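# Fold and contact review
The lines below spell out each chain.
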Amino acid sequence: MKLTYYGHSVVKIETGGKTIFIDPFITGNGATDLKADDVHVDVILLTHGHGDHVGDTVPLALRNNALVVAPFELATYLSWQGVNVHPMHIGGAHEFEFGKVKLTQAFHGSSYIDENKQIIYTGMPCGMLFSAEGKTIYHAGDTALFSDMKLIGERNDIDVAFLPIGDNFTMGPEDAALAAEWLKAKTVVPIHYNTFPVIEQDPHKFVSMLKHGVGKVLKPGESIEL
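What comes next is a walk through the structure. All residue numbers here refer to positions counted from 1 along the written sequence of the relevant chain. Only residues with pLDDT of at least 70 are given local features in this predicted model, and only at 80 or more are side-chain atom pairs given and counted; all residues enter the totals for whole chains, interfaces and linings. To get the side-chain values, take all heavy atoms of the structure and skip hydrogens and water.

With that settled, the discussion passes to the sheet that holds strand E14 (residues 187–191). We call two strands paired when DSSP finds no fewer than two bridges between them. In this text, helices come from DSSP runs of H or I with a minimum length of four residues, and strands from runs of E with a minimum of two, each type numbered from the N-terminal end. Strand order in the open sheet formed by six strands is E7-E8-E11-E12-E13-E14, with mixed pairing between adjacent strands. Of all strands in the sheet, those with a lone pairing partner are strand E7 (93–96) and E14, marking the two edges. Taking the axes of each pair of neighbouring strands and ignoring which way they run, one obtains an average angle of 15 degrees across the sheet. Across three bridges, strand E12 (residues 135–139) lies against strand E13 (residues 160–164) in parallel orientation. Across the sheet, His139 pairs through a bridge with Phe162, a residue of E13. Structural elements are reduced to axes, namely lines fitted to C-alpha atoms, with helices fitted over the stretch in contact, and the angle between N-to-C directions of any two is expressed from 0 to 180 degrees.

On to the sheet that holds strand E6 (residues 84–88). Whether parallel or antiparallel, the strands of a sheet pair through hydrogen bonds between backbone atoms. Pairing within the open sheet is mixed, and its seven strands lie in the order E6-E5-E4-E3-E2-E1-E15. The two strands at the open ends of the sheet, each matched to only one other strand, are E6 and strand E15 (223–225). Across the sheet, the mean angle separating the axes of adjacent strands is 20 degrees when strand polarity is ignored. Summarising the sheet, strand E3 (residues 18–22) and strand E4 (residues 43–45) pair through three bridges and their orientation is parallel.

Moving on to the pairing of E12. Regular strands show a simple pattern: their side chains alternate between the two faces of the sheet. Throughout, exposure labels follow a simple rule: accessible area from a 1.4 Å probe, protein chains only, divided by the maximum for the residue type, with under 20% read as buried, over 50% as exposed, and the rest as partly exposed. E12 sits mainly inside the fold: four of its five residues count as buried. In this structure, strand E11 (residues 126–132) lies alongside E12, joined through five bridges in antiparallel fashion. Residue Met128 lies in a different strand from E12, and its bridge partner there is His139. Linking E11 back to E12 in an antiparallel pair, the connection comprises two residues, with Glu133 at a positive phi of about 55 degrees.

So, in structure tokens, the structure goes:
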């Protein structure tokens, strides 16, 4: 399995001959080295409906005939745009041909703002556990610190956890460091920082708060092999 970080909260998983993207915010993402027109994807996993996470999902899914896995309301909204979806909800898991996906809670919001400045509710935000090839990946999505992260860590042997550190909209570095301790992941990668001025953080300072060897800063385009 190969995991590649592309800035903000964008993560690519390559496993079993499939290419999976989590929260493919590419167009307008100054922190990524990707170009949406060049991206091949088989599956898209979405944590919530904000534009900096849904990003290029619709054009990517339509061009690649990709499956989109998302919380029910968001999946329904995307299906109205012709996207092939699999709706899920928090606490539920499903075994796909490419791996197992389980949605976890996240404390945040989830909505889409249309061209008429109307806010469209897109369901509950989530994090997710992805398991394949005997490995488990946790992507927290956008979230505050919450005590059930202890339970997630106790019930899952997490190989890599992607945690937001940007503060303001999500956990800041101090809360994310406590989350890392509770999750007991073998490797922790900071995400959701430095894309916008209000979420500027030093990822290396965050890593220094963790147990030695646990934290790993990935530049856009850098990968981890499991």
